[in-house]
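Spelled out from the first residue to the last, the chains are:
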Amino acid sequence: MNTPFSLQSAADRLIASVGQVIKGKDDVIRKTAVCLFCGGHILLEDVPGTGKTTLAKALSRSIDGMAFTRVQFTPDLLPGDLTGGNIYNQKTQEFTFRPGPMFTNILLADEINRATPRTQSSLLECMEEGQVTVDGETRRLEQPFFVVATQNPVEIQGTFPLPEAQLDRFFMRLAMGYPQKESERQMLNAFVRENPLDSLEPVMSREELLGGRRQVREIRAGEAVQDYILAIVEATRSHEKIRLGVSPRGSLALLRASQAWAGISGRDYVIPDDVKAVCCDVLSHRLLCRGSHLSQGPQFAREVLTELLQQVPVPTEAEISG
């Protein structure tokens, strides 16, 4: 007899598996799982050495049958280096398409802001529509397709900041941050003899992941919760500290993330606390704030959103159940 699929159980297994390698970052891992179950993409922004690349590798090894590709973004990287292209075969005297690293399940775009805007924009179609167009021919990408992009916010020389249109394609922007002392001690003990990444075994199948994505969409978000999300979004569009508010794509992303957070918390309905838990990570990179320096933009946007969440009325339990 088959056991019914549980989104919470699948997420717990995934979080525990990645947690064997990434110590003391359960919240980041949990939100990465939310992105994965929502079919979104993630931007990891932090200083070098905090585990951004390791997180992506651990994620791919925890899911059975997932192809993983890493691309180091550099100024001389061209769009064709990512998408692939048509190569002339002298034997057959025909052009044959040779797929690029985009044709994978988990694509790690390492230091994405080191590539030129032209190369960065080549990710737009695959991230939004799950397809790649080369020489007028469109090819679908195998699902699931998940982009994990990293960038170093401190070193800005020789980099190309992501434009708003590109940032808006990312479901969440997360920062790893330095671990606590005890978590770092656990990391040292885990790595003292061997890399725990090498012994990581899959804890979830690709079919379970796709099933989890379908289940997320079935989680109920009542009218009161939807009104709460719309009130938050509307407030970003009229706030005095915000020059450009959240787009409709951001509204949908906040709804979907709230559904996933509720699901991995063991509920089949969304409550306001679910919305609050993911709001800053989903919306902060979609804002253009007034008077914030480029290097302080992300943190300033989070502070504005935190302030805004304290001002927007929260629906009552009676309104949610009604």
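Up top is the structure these notes are about.
Residues numbered from 1 in each chain as written. Predicted model: local features only at pLDDT ≥ 70, side-chain atom pairs only at ≥ 80, totals over all residues. Heavy atoms only, no water.

Participant: Please clarify how the nonpolar core should be interpreted in this entry.
Facilitator: Soluble globular proteins: nonpolar side chains tend toward being buried together. Of all hydrophobic cores here, the largest spans 69 residues; its most connected members are Val34, Phe37, Met172 and Ile232. With near-sequence residues (within four places) excluded, Ile232 lies in contact with Val275, Cys279, Leu283, Leu308, Leu309 and Val312. Grouped together as the second largest cluster of nonpolar side chains are 23 residues, Leu43, Met127, Leu141 and Leu162 included. (Core = buried A, V, L, I, M, F, W, Y, C linked by side-chain atoms within 4.5 Å. Buried < 20%, exposed > 50% of the residue type's maximum accessible area, 1.4 Å probe, protein only. Contact = heavy atoms within 4.5 Å.)

Participant: Got a minute to help me understand the sheet that holds strand β6 (residues 106-110) in this structure?
Facilitator: What holds strands together in a sheet is hydrogen bonding between their backbones, with the strands either parallel or antiparallel. If you walk across this open sheet you meet the five strands as β3-β6-β9-β1-β10, and the pairing is parallel. The sheet terminates laterally at β3 (68-72) and β10 (172-174), the two strands that pair on one side only. Averaged over all pairs of adjacent strands, the angle between strand axes in this sheet comes to 20°, irrespective of strand direction. For β6 and strand β9 (residues 146-151), the ladder comprises four bridges, and the chain directions are parallel. Residue pairing for β9: Ala109 is matched across the bridge by Ala149. (Pairing = 2+ DSSP bridges. Helix = DSSP H or I, 4+ residues; strand = E, 2+ residues; numbered from the N terminus. Axes fitted to C-alpha atoms, helices over the stretch in contact; angles between N-to-C directions.)

Participant: Help me out: how do you make sense of the pattern of salt bridges in this one?
Facilitator: Two side chains bearing opposite charge may form a pair once their charged atoms approach each other closely. Across all of its chains, the model carries 18 salt bridges by this definition. When the shortest N-O distance is used, the salt bridge between Glu208 and Arg13 registers 3.1 Å. With Glu208 in helix α9 (residues 206-218) and Arg13 in helix α1 (residues 7-19), the pair connects residues that are 195 residues apart, well separated along the chain. A relative accessible area of 26% places Glu208 in the partly exposed class. The partly exposed category is assigned to Arg13, whose relative accessible area is 29%. Residues Glu111 and Arg114 are paired through a salt bridge, measuring 3.2 Å at the closest nitrogen-oxygen approach. By relative accessible area, Arg114 is classed as buried at 18%. (Salt bridge = Lys/Arg side-chain N within 4 Å of Asp/Glu carboxyl O.)

Participant: I'm lost on the packing of aromatic side chains in this one. Help?
Facilitator: The geometry of an aromatic ring pair comes down to the distance between the two centres and the angle between the two planes. Within this structure, the stated rule accounts for two aromatic pairs. On the numbers, 5.7 Å between centres and 70° between planes, the contact of Phe97 with Phe103 is edge-to-face. Lying over the aromatic face of Phe97, Arg139 brings its terminal NZ or CZ to 3.7 Å of the ring centre. Positioned over the ring face of Tyr269 is Arg267, at 5.8 Å from the centre of the ring. (Phe/Tyr/Trp six-rings, centres within 6.5 Å; stacked < 30°, edge-to-face > 60°. Lys NZ or Arg CZ within 6 Å of the ring centre and 35° of its normal.)

Participant: So what exactly am I meant to see when it comes to the pairing of β6 here?
Facilitator: The side chains of a regular strand alternate between the sheet's two faces. With respect to burial, β6 is a largely interior element, five of its five residues being buried. Neither face of β6 is exposed, since Ile106, Leu108 and Asp110 on one face and Leu107 and Ala109 on the opposite face are all buried. Relative to β6, β3 runs parallel, the two sharing five bridges. What sits directly across from Thr69, in β6, is Leu107.

Participant: Teacher, can you tell me more about the packing of helix α2 (residues 26-38) against helix α11 (residues 248-264) here?
Facilitator: Helices that pack against each other are described as a pair by the angle of their axes relative to one another and the distance between those axes. Close contact between α2 and α11 brings their axes to 9 Å; oriented N to C, the two are set at 115°. Two packed elements cross with a definite hand, and for α2 against α11 that hand is right-handed. Residues Asp27, Arg30, Lys31, Val34 and Cys38 of α2 form the contact with α11, whose participating residues are Arg256, Ala257, Ala260, Trp261 and Ile264. For the contact of α2 with α11, a count of residues per class yields six nonpolar, no polar and four charged. (Left-handed = near helix turned anticlockwise from the far one by under 90°. Nonpolar A, V, L, I, M, F, W, Y, C, P; charged D, E, K, R; others polar.)

Participant: I keep staring at the environment of Arg290 and nothing clicks. Help me out?
Facilitator: If you trace the backbone, Arg290 turns up in the loop between β13 (288-289) and α13 (297-311). Those residues in contact with Arg290 that lie beyond four places of it in its chain are Glu240, Lys241, Ile242, Arg243 and Phe300.

Participant: Quick question: what am I supposed to make of the environment of Lys57 here?
Facilitator: Counting through the fold element by element, Lys57 comes out in helix α3 (residues 52-61). Note on Lys57: relative accessible area 27%, which makes it partly exposed. Distance from Lys57 to Asp26, taken between C-alpha atoms, is 16 Å for residues 31 residues apart in sequence. Not counting chain neighbours up to four residues away, the residues in contact with Lys57 comprise Phe68, Arg70 and Leu197.

Participant: Any chance you could explain α11 here in plain terms?
Facilitator: Side chains that are three or four residues apart share a direction in an α-helix, a result of its 3.6 residues per turn. In this model α11 runs 25 Å from its N-terminal to its C-terminal C-alpha over 17 residues, within 8% of the 24 Å that 1.5 Å per residue would give. Burial analysis of α11 places 13 of its 17 residues in the buried class, the great majority of the element. Immediately downstream of α11, the backbone of Gly266 shows phi near 95°, a positive value. (Expected span 1.5 Å × (residues − 1).)

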